[in-house]
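Structure assessment
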Amino acid sequence: FPSHDRVLSVVSYIKYPLLVLGTIIEGPIIMIASGFLLHQGFFYLPALFIALLVGDLIGDVIWYYVGYHFAEKVLHKHGHFLGVSPETFESTKKLFHKYHTKILLLSKLIMGLGLALAVLMVAGATKVSFKKYMILNFIGEIFLVSWLMLVGYYLAEIYSNYIADVFKVGFIAGGILYRDW
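This report concerns the structure included in the present document. Computed from a prediction, not measured in an experiment: that's the story for all the values here. (Residues numbered from 1 in each chain as written. Predicted model: local features only at pLDDT ≥ 70, side-chain atom pairs only at ≥ 80, totals over all residues. Heavy atoms only, no water.)

What about the overall build of the chain?
As a reminder of what qualifies: Comment: elements are numbered from the N terminus, with helices defined as DSSP H or I runs of at least four residues and strands as E runs of at least two. A simple rule labels every residue: compare its accessible area, found with a 1.4 Å probe on the protein chains alone, to the largest value its type can have, and call it buried under 20%, exposed over 50%, or partly exposed in between. Contact definition: two residues touch when any of their heavy atoms are within 4.5 Å.
In terms of helices and strands, the chain carries six helices and zero strands. Along the chain direction, N to C, the helices and strands of the chain fall in the order α-α-α-α-α-α. Looking at the chain residue by residue over its 181 residues, the buried ones come to 30%. In the chain, once contacts between residues fewer than 6 apart in sequence are set aside, the share between residues at least 24 apart is 78%.

Structure, rendered in structure tokens:
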């Protein structure tokens, strides 16, 4: 097996490509964790921001593609299992097409309130211009990445200033109590 130092060296070397991949899979959690690690000095801010932005945008492209090529076919064939009739889907498409700018921006800014993937797929299914889709997602992405990195950064600040000391005191007290038994 490679040494611990060798593994850390390799991870340190490929940390930004790993971030891109992780963000494609699970963007919000990776963004918060990255903000935490930024506070600890593990990342360089510009490179971190670009990696998170690129990863989440790649994920958005994938979901647009899924919606564009597969959503309508799947919903027409199996939508009744999800409670989505063809009529409901068509009315949703019309509504989305009319308000897609507001919906896409708001969805990115509020992380879709649990519906982010559905919104991205409906954008593809309604054939929103890919260029417009990417511009709107890019704008929203700047705010989303910034916000979630700040959350992680300030959680690290709280951890460093308050929680880490509590853990140290707890471990010391536990060690003293254990020794006395």
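Right, picking up where we left off after that structure.
Here we look at the nonpolar core
The nonpolar side chains of soluble globular proteins are, as a tendency, buried together. The criterion, for reference: For the purposes of this section, nonpolar cores are sets of buried Ala, Val, Leu, Ile, Met, Phe, Trp, Tyr and Cys residues that join through side-chain atoms within 4.5 Å.
Within the largest apolar cluster, 25 residues are counted, with the highest numbers of intra-cluster contacts made by Leu48, Leu52, Phe96, Leu104, Ala123 and Tyr133. Contributions of two or more residues to this core are made by helix H2 (15-39), helix H3 (45-78), helix H4 (86-109), helix H5 (116-125) and helix H6 (130-180). The element best represented in this core is H6, accounting for seven residues. In this structure phenylalanine 96 touches Ile103, Leu104, Val119, Val122, Ala123, Thr126 and Val128, once residues within four positions along its chain are discounted.

Focus: the packing of H4 against H5
Note the following rule: Fitted lines through C-alpha atoms serve as axes, helices being fitted only where they are in contact, and the angles separating the N-to-C directions of these axes extend from 0 to 180 degrees. Rotating anticlockwise by less than a right angle from the far helix to the near helix defines a left-handed crossing, while the corresponding clockwise rotation defines a right-handed one. Just so you know the grouping, Ala, Val, Leu, Ile, Met, Phe, Trp, Tyr, Cys and Pro go in nonpolar, Asp, Glu, Lys and Arg go in charged, and all remaining residues, Gly too, go in polar.
Where H4 contacts H5, the two axes come as close as 9 Å, and the packing angle between them is 120°. Seen along the crossing, H4 lies across H5 with a hand that is left-handed. In contact with Phe89, Lys93, Phe96, Ile103, Leu104 and Ser107 of H4, H5 contributes Ala116, Val119, Val122, Ala123 and Ala125. Along the lines of polarity and charge, the residues of the contact of H4 with H5 split into nine nonpolar, one polar and one charged.

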